[in-house]
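This is what each chain is made of:
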Amino acid sequence: SPGGAPESGAEPQRAPRDHLDGSLWSFRRRMWQFFEDKQSSRGALIYGHASMLLILTCMCVSMVDVLFPSEALPVQAILGMEAFFVFELLFRYLVCPNRQVFWFDAYNVIDAAAAVVNAAPRLVVAVAEVDPDIAYTFTTFTPFMFMLRFL
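Here the structure is a predicted model, which means the values were calculated and not measured.

J.: For helix 2 (residues 42–67), give the residues involved together with the corresponding values.
T.: In this model helix 2 runs 38 Å from its N-terminal to its C-terminal C-alpha over 26 residues, within 8% of the 38 Å that 1.5 Å per residue would give. Of all the positions in helix 2, only Ala44, Tyr47, Gly48, Ser51, Ile55, Cys58, Met59, Ser62, Asp65 and Val66 are classed as buried.

Next up, the structure:
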């Protein structure tokens, strides 16, 4: 039609799915900014400081667990703290604007390595009831992995 006016019965310029994709992309972008830039909002700043406090707490708890292995620190409590970091890593991966580049960031690699070294042996001991000495061998690396997260 002349002048670019839409013809009757023609498809609309923007389908509802396009709008959903735009909203999802906007949400992903905002969440990525929240996790990656503490200065992006007040909530991001609070979350960044709380996250560092949790890392410090986990580091101290894991050091106590390594230095004084006993039943004083239940495996489930430590797993709960470590699960938080695993879920955060997975969520950051899901909202990352470029998932292929995600694994080229040293911090993401450190977080993934820490998740494997910290949580996997404890999970195996908790679920499969294997010899705790096997997990203890791996948990000696836990404080070091938390220290790397401070970088």
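Next, the rest of the story.
J.: Before we move on, could you go through the packing of aromatic side chains and cite the residues and values that matter?
T.: Within this structure, the stated rule accounts for ten aromatic pairs. Centroid distance Phe34 to Phe35: 5.4 Å. Interplanar angle 90°. Geometry classified as edge-to-face. Between Tyr93 and Phe102, the ring centres sit 5.3 Å apart and the planes meet at 75°, which makes this aromatic pair edge-to-face. The partly exposed category is assigned to Tyr93, whose relative accessible area is 27%. Among the aromatic residues, those joined into a cluster by ring pairs are Phe34, Phe35, Tyr47, Phe84, Phe85 and Phe91.

J.: Give a description of the pattern of salt bridges that names residues and reports values.
T.: Tallied over the entire structure, the rule returns two salt bridges. Note that Asp111 and Arg92 form a salt bridge whose closest N and O atoms lie 2.5 Å from each other. Linking Asp111 in helix 5 (residues 106–128) with Arg92 in helix 3 (residues 75–95), this pair joins segments that are 19 residues apart in sequence. Relative accessible area serves as the criterion here: at 5%, Arg92 is assigned to the buried category. In the salt-bridge network here, residues are joined through shared partners; they are Glu36, Arg92 and Asp111.

Reading guide: rules and limits
- Numbers given to residues run from 1 along each chain, matching the order in which its sequence is written.
- The model is predicted, so local features are restricted to residues of pLDDT at least 70 and side-chain atom pairs to those at 80 or more, both for listing and for counting; the totals for chains, interfaces and linings are taken over all residues.
- Hydrogens and water are ignored here; the side-chain numbers use all heavy atoms of the structure.
- Runs of H or I in DSSP of at least four residues are treated as helices and runs of E of at least two as strands, each being numbered from the N terminus.
- Multiply 1.5 Å by the residue count of a helix minus one, and that product is the helix's expected span.
- With a 1.4 Å probe rolled over the protein chains alone, any residue whose accessible area is under 20% of its type maximum counts as buried; one over 50% counts as exposed, and the rest are partly exposed.
- Paired rings are identified among Phe, Tyr and Trp, the last through its six-membered ring, by centres lying within 6.5 Å, and are further divided according to the angle between planes into stacked (under 30 degrees), edge-to-face (over 60) and tilted (the rest).
- We define a salt bridge as a side-chain nitrogen of Lys or Arg found within 4 Å of a carboxyl oxygen belonging to Asp or Glu.

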